[in-house]
Amino acid sequence: MLAAVFLTSCVSGALSPHTSRSPAAPATPPAPATSPPPATPSPSPPPDRTIPHELPGTSLAGAATVAAARRHLKHMVFLVKENRTFDTYFGRFPGADGATTGTRCNGTPVRLRQATDRVPDINHSFVAGIRSVDGGKMDCFDRLANARELQSYVQYRRGQIPAYWAWARRFTLADRFFSSIYGPTGPEHLWTVAAQSDRFVGHEEVEEYGADGIAREYCDDRTERAKSLRKLTPAQSRRVFVLEQRANLGGVSRFIVRRWPCFDVKTLPDELAHERISWRYYRGDNEYVNPLRQIRHIWFGPLHRFIATEPEFVPDALAGRLPAVSWLTPPIQLSDHPPGSVCEGENWTVRAIDAVMRGPQWKSTAIVLVWDDFGGFYDHVPPPHTDVYGLGPRVPAIVISPWARRGFVDSSTLEFSSMLRLVERIHGLAALAPRDHVAGDMLEAFDFTRKPRPRLVLPERDCSNVG
């Protein structure tokens, strides 16, 4: 069986190989009085689409490669961190499609200045993503809130993120991996488990926290609300698509409503459980990243027991206890989310990946390290306009595995649904939604004809004097 670990970010509590395991959640956690009884997921309505039945630039492996992947990839690790674009981290990477200059909304060029370890948080909402992309011109990042002084136009050098660059040079770097929607974090993470977000495009603002004022309790508080697109007719979908292409934010906003962010759609965990394929969601303490708390039948049903805590990941990896498919999210202060330290966030990632490499499952593992949304930072590559949700701006992605191609820059078109497609192809699972039905499967990043590559165990850095 394939084991996949989706490592995601925005959670509290540092990874440590000495952290003790916490007790497993009960098989059937009781639902609060305000919550409805568990429900069986009904067939998911497809996200509103306007184009297509294929995504240009995608790649699908042939039967021989899929068969080889089934033999060699028993464990997959998807590590999703937060809020960076490809140009922010890898715009200077040799051989990749990067940029060192950007464009303002008035059309004038601007140099991407060197970033500091900690940078300000920039607006990266759904409509902010539409504004930044600007119909494919990729030029209005200076019109975002908190970015009027060109805070979006920054870039890190290799020495500031040495581990990320080391993995990219030793393994495979994807330079056309896009976020699934324009933003922000919360709904993006729904796409990592379901290839859709049930129309949600926001993860609650202060006025949407519900009657008790506690943020993002989701299915545990029926008074909460989050931004969602309306149920669109085909004509309305076409209209929203055009409004997005024109960066008409007011027009798009008229199709956004507020709904309780608790719903039922079919997820990859559902399919894995049905096929008796092991999985676990290792979640750090981060109110923005809690997608399974929005899926009613998982949060209040027997699958809840497979939601683990982030500190459990390192001991499980070192002991060879990782299941077939896992998601891992770091603490928010270690997720690379501004204004957190990039150095400290990279050290967290080193601890997680080193644990996998030191553990007995490394030879049959593939790790996909990605970032969940653009965070308001500049990127020069226009995302394909696939449907009314996006795609959103490009994010970094690195495939780390004994079977990954060495020093390969993968320019296939990818997004979070591609991670699901990879698992689906290897396990013979059905697609969940239109996006993963047409997504690339990421198998071009692997070479199963060569001997497996050795570990690359990296040291942590001293972050006390980084600038």
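Before going into details, it helps to say that this report is about the structure given with it.

Thresholds, definitions, all that
- Residues numbered from 1 in each chain as written.
- Predicted model: local features only at pLDDT ≥ 70, side-chain atom pairs only at ≥ 80, totals over all residues.
- Heavy atoms only, no water.
- Disulfide = S-S within 2.5 Å.
- Helix = DSSP H or I, 4+ residues; strand = E, 2+ residues; numbered from the N terminus.
- Buried < 20%, exposed > 50% of the residue type's maximum accessible area, 1.4 Å probe, protein only.
- Pairing = 2+ DSSP bridges.

1. Focus on the state of the cysteines
- For the structure on display, the rule yields 3 disulfides.
- The side chain of Cys105 participates in a disulfide bridge whose partner is Cys140; the two sulfur atoms lie 1.8 Å from each other. One quick way to see it: the torsion about the S-S bond of Cys105 and Cys140 is about 60°, and its sign makes the bridge right-handed. On the criterion of sequence distance, the pair formed by Cys105 in the loop between β3 (101-103) and β4 (109-111) and Cys140 in the loop between α3 (126-133) and β6 (154-155) is long-range, its members being 35 residues apart. Exposure class is identical for Cys105 and Cys140. Each is buried.
- Here Cys219 pairs with Cys262 through a disulfide, and the sulfurs are 2.0 Å apart. Between Cys219 and Cys262 the sulfur-sulfur dihedral comes to about 100°; the bridge is accordingly right-handed. Taken together, the residues Cys219 in the loop between α5 (185-194) and β8 (226-229) and Cys262 in the loop between β9 (256-259) and α8 (268-274) connect sequence positions 43 residues apart.
- For the protein chain, the bonded cysteines connect in the pattern 1-2, 3-4, 5-6 when numbered consecutively along the sequence.

2. Some words on the pairing of strand β2 (residues 75-81)
- Among the 7 residues of β2, 7 are classified as buried, and the element is accordingly described as predominantly covered.
- On β2, burial covers both faces: His75, Val77, Leu79 and Lys81 on one face and Met76, Phe78 and Val80 on the other are all buried.
- Note that β2 and strand β13 (residues 365-371) share 4 bridges and pair parallel. Within β13, the residue paired with Val80 across the bridge is Val370.
- Of the strand pairs in this sheet, β2 and strand β12 (residues 325-328) are connected by 3 bridges, and their pairing is parallel. Bridged to Val77 within β12 is Ser326.

None of this, on its own, says anything about what the molecule does.
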